[in-house]
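Fold and geometry: a report
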Amino acid sequence: MVGHGEEPVSPDVGIEDPRDSAGDDAQTVDPIGVLRAGGPPVPNGGGGETSQGVLVGVGPSERRAAHRSDTVVTHSLITAFRECPKKAWFSYFAGGTGVVPSRLSKALAIGSSYHHAMELVCNSRRAGQDVTASDIRNAVNEWVTENRMDLPREDIPIIQAQASGAAIAHARKLNGLSWKIHFVEVIFKVQLLPHVVLTGKIDAVISDEDGTWIVEHKTASDSDLGDYLETLPSDAQVLRYIYSVRALGWSITGCKYTIAQKSLIRGRKNEPTWDTARRIEAELIEPGQEGAFHQDVRPGVDDVRRCISDTQDTARDIENCVLGDRPWTRHERSCRGTYGVCPFYRICIKVPWDGLGDVPIGFRAKMSRHEELMEGANLPVAPNGQNNMRSVRPVESRV
């Protein structure tokens, strides 16, 4: 059992990386692995059928000078733009690379530190190394230390407990599965339009007895788990990711959502925060506690095609804004959204900032437009004749 001791929570697993067997053939492919109009068929997961890449339309912006650089879009940028183009401008373009609030929300901090811990768990399993509960706690603490200045100080113990407890519980669950992990935190790039590249980072790509899957780590509480599971089949992020991995030539069955539950424990009157944190982690890692759920989603070809068609439409609008062909308009309905007032409300409405000069107080300039993609390995194009990652039988795990 893994609790506060040093028992391993990840089995000894032998992994063969598809990149190791790529050979010289992989070097002859476009280095960023783009899928262009009229390109090769894209393998569908599981069925053996193929469908051609989504046709690329040509609009006014695409007829600009061919030497200009590509516009890079991500799921997050697309989502922000659809919510409010002005919000997307603040997040990704103001000041050159965008700005973000100086303080992270507790929910975002829990999710980010949990992802950092799961990266350790998956990489250790992929390398055939054991990982202990202490290793997981150290990974969470490492993320918290790096981001301490951006966190509400009073929430740090709760963030650490929620993330550590969820990751330990999830690592235990993986012990009973015959996952063969091919890639962890891998970045893909595909050509969405003639001058637009779609990129993103996938938590993991794995194979099991049912097929080959992308893995998406999520956190949720009991109170919203039901509604969350119901919406998974239409998750645009995963539909875009599945399209992109298939566009690179890999046969993908679908997505495995791994959903770690967050504790609903709240602090008692006059209880020190660290005591509350201990109770939270103890609940999450209690033996017999179902701390992580896995949900398989196998989207149809038509679902993926519709999503990509809509994505291309939005990407054209973003490109037109980048080129100055249309303004970054503000959607008034988004000023006060589902999760409260827009974080950019003050510098958008009350004291408007034009993106020039010093960054307003309460915000920081991003190190790059897409900070989440600054680290990670690139997903290669599938070598000819080797598009099935399951060519090597998954190794049975042991506890």
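Scroll up to find the structure this text is about.
Residues numbered from 1 in each chain as written. Predicted model: local features only at pLDDT ≥ 70, side-chain atom pairs only at ≥ 80, totals over all residues. Heavy atoms only, no water.

1. A word on the pattern of salt bridges
Basically, it comes down to this: A pair is scored as a salt bridge if a Lys or Arg side-chain nitrogen falls within 4 Å of a carboxyl oxygen belonging to Asp or Glu. With a 1.4 Å probe rolled over the protein chains alone, any residue whose accessible area is under 20% of its type maximum counts as buried; one over 50% counts as exposed, and the rest are partly exposed.
Counting across every chain of the model gives 13 salt bridges. With a closest N to O distance of 3.4 Å, Glu216 and Lys218 form a salt bridge. Take Glu216: its relative accessible area is 5%, and that puts it in the buried class. What emerges from the salt-bridge pattern is a single network uniting Asp208, Lys256 and Asp296.

2. Notes on the pairing of strand S6 (residues 196–208)
Definition in use: Strands here are runs of E lasting at least two residues and helices are runs of H or I lasting at least four, both read from the DSSP assignment and numbered beginning at the N terminus. At least two bridges found by DSSP between two strands is the condition for calling them paired.
Summarising burial for S6: 13 of the 13 residues are buried, a large majority. Sheet topology note: the strand S3 (residues 71–73)/S6 ladder contains three bridges and is parallel. Its bridge partner being in S6, Val73 is matched across the sheet by Leu198. Judged from the 11 bridges that link them, strand S5 (residues 180–193) and S6 form a sheet pairing that is antiparallel. When the bridges of S6 are listed, Val186 appears paired with Ile202. Connecting the antiparallel pair S5 and S6 is a turn made up of two residues.

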